[in-house]
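# Structure assessment
The lines below spell out each chain.
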Amino acid sequence: MKLTGLKNFIVSSPTMEAILFRAVNLPVVNVLYKAAYARRIRGVLNTQEKIITIEPYNLCNLRCVMCPYSKMTRPKEMMDMGLFKKIVAEAAGLGFTTVTLQMYSEPLLDPHLIERIKLVKTMGMKVGFFTNATLLDEKMADALLDSGLDWIKFSVDAGSKEDYDKIRIGGDWERVKKNIISFYEKRKSRGMAAPKITVFMIKQPSNERNISAHKTFWSEWSDDVNISVVDNRAEGEKPDMRGTAYPCFEPNHPTVLSNGKLVLCCLDYDGKMILGDLKKHTLEEVMKSDEYKRVTELHMSFRGDEIGLCKKCTRLYKNAALYWWVA
C-alpha cells in the first residue's frame, strides 16, 4: 500500500484512527514509540524536500466553514514582485526545492500568479498551490498548463452538491466540477504528466459519511485524492488527546505572509507569532535566529506544547503523531 493510501485509510476510518492514537499514548508504549519516532523523524529531515510557503496575496473569494479567513484582521496585501523575487532567490540559494504559492488565499485571484510560477521555475524549484477551482476558466487553465506548474491541489471536500454546499460557502458545485474535469481533460489531450492533479478533502462532520463515495467520484478526474482531518487552527481549548506533544512538521516548512513576515506555521493566519521580517532581513538570517532555532528545537524534542501558539493545536497531538511515518 502506498503511503498516501495508508494515510487515507487511517483518516477515513475513525475507529482505526482512535485505536492508533490511544495505543501510541499508552505509558509504556509511548516510551518505545517516541524513541522509534525520533529516529524516523531524523531520517525524514535528512531526505525530505525543503518546502517554503509564500503567500502572494491574502485574498479569498469563499468563506469555507473550517477556515478562519473571515476572522483575519491583518490588512489585505499583495506581495510586490521585487520582494517575491528576493525571497524565492534566497530560498533557492538555501537549497529549498519546492515553493507553495499560498496561505489563506485563493491563488487564482493573484494577477501575477503566472509570472510568479515562471519565476520560481527559472530558479530551479518545483511550484504548486491549492485552489478552490471556482476561477479556473479555459484561459486560466491554458496559462497554467503553459507555465511549468508542477502540481495543483483542488480543495473540494465533497463529491456531491449536497456536501459541497454545506462546506464551501460562496462556491458553485457545478462550475467547480466542470472546471476540474475540463482541466484534467485538457492536460490529458496535451499528453502532459504535469501538473500533478490532486483533489484534496478535509474530513469533517458534514462529509465524513460520504468520504469513500467522494473519493471514488474524484479518482476518475485526478491523479490522487488526498484526505486530511480538520484541525482547530490552534484556537480554543487544548484538544483532549491526553498524550504526547509530537513534533509538528510545520515549523520545518517556513511560511511567509504577503506582508513579508515569516510566521511560525501555516495555521498562524493572522500573523500572531512573527519570527522575522524578510523586508528587513534575509531568509537565512531569520532561519538562523535564536527564536527560529528555539521553536524548531522544542518541536523536535517533543516539547512543542511549551510554545503558546502550538499548545492548543490539534496538529501537535493528533496529526503529528502519525505524519512522520507517511512523510
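Structural data are supplied above this passage.
Residues numbered from 1 in each chain as written. Predicted model: local features only at pLDDT ≥ 70, side-chain atom pairs only at ≥ 80, totals over all residues. Heavy atoms only, no water.

## Description of the overall build of the protein chain
- Each helix and strand in the protein chain was counted, giving 13 helices and 9 strands.
- Taking 2.2 N^0.38 as the reference for a compact globule, 327 residues should give roughly 20 Å; the C-alpha atoms of the protein chain span a radius of gyration of 19 Å, in line with that estimate.
- Over its C-alpha atoms, taken along the principal directions, the protein chain stretches across nearly 55 × 50 × 35 Å.
- A burial count over the protein chain gives 54% of its 327 residues as buried. (Helix = DSSP H or I, 4+ residues; strand = E, 2+ residues; numbered from the N terminus. Rg over C-alpha atoms; globule rule 2.2 N^0.38 Å. Buried < 20%, exposed > 50% of the residue type's maximum accessible area, 1.4 Å probe, protein only.)

## Re the sheet that holds strand β3 (residues 126-131)
- Across the sheet, which stays open at both edges, the 9 strands sit in the order β6-β5-β4-β3-β2-β1-β7-β8-β9 with mixed pairing between neighbours. Pairing within the sheet leaves two strands with one partner each, and these edge strands are β6 (224-229) and β9 (274-277).
- With 4 bridges connecting them, strand β1 (residues 51-54) and strand β2 (residues 98-101) associate as parallel partners. Among the inter-strand pairings, Ile-51 is bridged to a residue of β2, identified as Thr-98. (Pairing = 2+ DSSP bridges.)

## Regarding the pattern of salt bridges
- Inspection of every chain in the model, using the stated rule, returns 20 salt bridges.
- The partner of Lys-186 in a salt bridge is Asp-142, with the nearest N and O atoms 3.3 Å apart. Here the residue Lys-186 occupies a position in helix α8 (residues 173-190), and Asp-142 occupies one in helix α6 (residues 138-147), the gap between them amounting to 44 residues.
- Here Asp-163 and Arg-209 are joined by a salt bridge, their closest N and O atoms 3.5 Å apart. Of this pair, Asp-163 sits in helix α7 (residues 161-167) while Arg-209 sits in the loop between β5 (196-203) and α9 (211-219), placing them 46 residues apart in sequence.
- Connected through shared salt-bridge partners, Glu-138, Asp-142, Asp-146, Lys-186 and Arg-190 make up one network. (Salt bridge = Lys/Arg side-chain N within 4 Å of Asp/Glu carboxyl O.)

## Digging into the nonpolar core
- If you look at the biggest cluster of nonpolar residues, it comprises 78 residues, and the most contacted ones within it are Ile-52, Phe-84, Phe-129, Leu-144, Phe-154, Phe-183 and Leu-264.
- In terms of residue count, the dominant contributor to this core is helix α4 (residues 81-93) (6 residues).
- Sequence-distant contacts of Leu-144, defined by excluding residues within four places in its chain, comprise Leu-108, Leu-113, Ile-114, Ile-117, Phe-129, Leu-136, Leu-149, Ile-152 and Phe-183.
- If you look at the next biggest cluster of nonpolar residues, it comprises 14 residues, including Val-24, Tyr-33, Tyr-37 and Phe-302. (Core = buried A, V, L, I, M, F, W, Y, C linked by side-chain atoms within 4.5 Å. Contact = heavy atoms within 4.5 Å.)

## Things to note about the packing of aromatic side chains
- One pass over the structure, following the stated rule, counts 13 aromatic pairs.
- Judged by centre distance (6.0 Å) and plane angle (75°), the rings of Tyr-104 and Tyr-269 are edge-to-face. Of the two residues, Tyr-104 is situated in the loop between β2 and α5 (113-122) and Tyr-269 in the loop between β8 (261-263) and β9; the sequence distance between them amounts to 165 residues.
- Look at Tyr-104 and you get buried, because its relative accessible area is 5%.
- Residue class for Tyr-269 comes out buried when judged on its relative accessible area of 5%.
- Plain terms: the ring middles of Tyr-164 and Trp-173 are 5.6 Å apart, the flat faces sit at 50° to each other, and that makes the pair tilted.
- One aromatic cluster in this structure is built from Tyr-33, Tyr-37, Tyr-246 and Phe-302.
- A cation sits over an aromatic face here: Arg-116 above Phe-84, 5.0 Å from the ring centre. (Phe/Tyr/Trp six-rings, centres within 6.5 Å; stacked < 30°, edge-to-face > 60°. Lys NZ or Arg CZ within 6 Å of the ring centre and 35° of its normal.)

## Looking at the pairing of β6
- Most of β6 sits out of view: 6 of its 6 residues are buried.
- For the crossover that starts at β5, traverses α9 and ends in the parallel β6, the hand is right-handed. (Right-handed = clockwise from strand over helix to strand, strands pointing away.)

## Let's talk about α6
- Residues of α6 that are buried include every one of Met-140, Ala-141, Leu-144, Leu-145 and Ser-147, and no others. Angularly, the buried residues of α6 cover 160° about the axis, an arc narrow enough to put them on a single face. Looking at α6, the residues exposed on the side facing more than 90 degrees away from the buried face are Lys-139 and Asp-146.
- Against α5, β3, β4 (151-155) and α8 lie the buried residues of α6.
- Trailing α6 by a residue or two, Gly-148 shows a phi angle of about 95°, which is positive. (Arc of directions from axis to C-beta.)

## Concerning α5
- Residues Leu-113, Arg-116, Ile-117, Leu-119 and Val-120 constitute the buried set of α5. An end-on view of α5 places all buried positions within 160° of arc, on one side of the element.
- Buried positions along α5 lie against α4, β2, β3 and α6.
- The first or second residue beyond α5 is Gly-124, which carries a positive phi of 85°.

## Re the pairing of β5
- Of all 8 residues in β5, 7 are buried, a share of seventy percent or more.
- Judged from the 5 bridges that link them, β4 and β5 form a sheet pairing that is parallel. Its bridge partner lying in β5, Trp-151 is registered against Lys-196.
- Two elements, β5 and β6, share 6 bridges in a ladder whose sense is parallel. Across the sheet, the residue bridging to Met-201 is Ile-227, located in β6.

## Quick word on unusual backbone geometry
- Cis geometry marks the peptide bond from Ala-194 to Pro-195, where omega comes out at 5°.
- Relative to the helices and strands, Pro-195 is located in the loop between α8 and β5.
- A positive phi angle is found at Ala-133, which is not glycine, with a value near 70°.
- Position of Ala-133 among the secondary structure elements: in the loop between β3 and α6.
- A positive phi angle, near 65°, is found at Asp-157, a position not held by glycine.
- Inspection of the secondary structure puts Asp-157 in the loop between β4 and α7.

Fair warning: the whole summary comes from geometry, so function is off the table for now.
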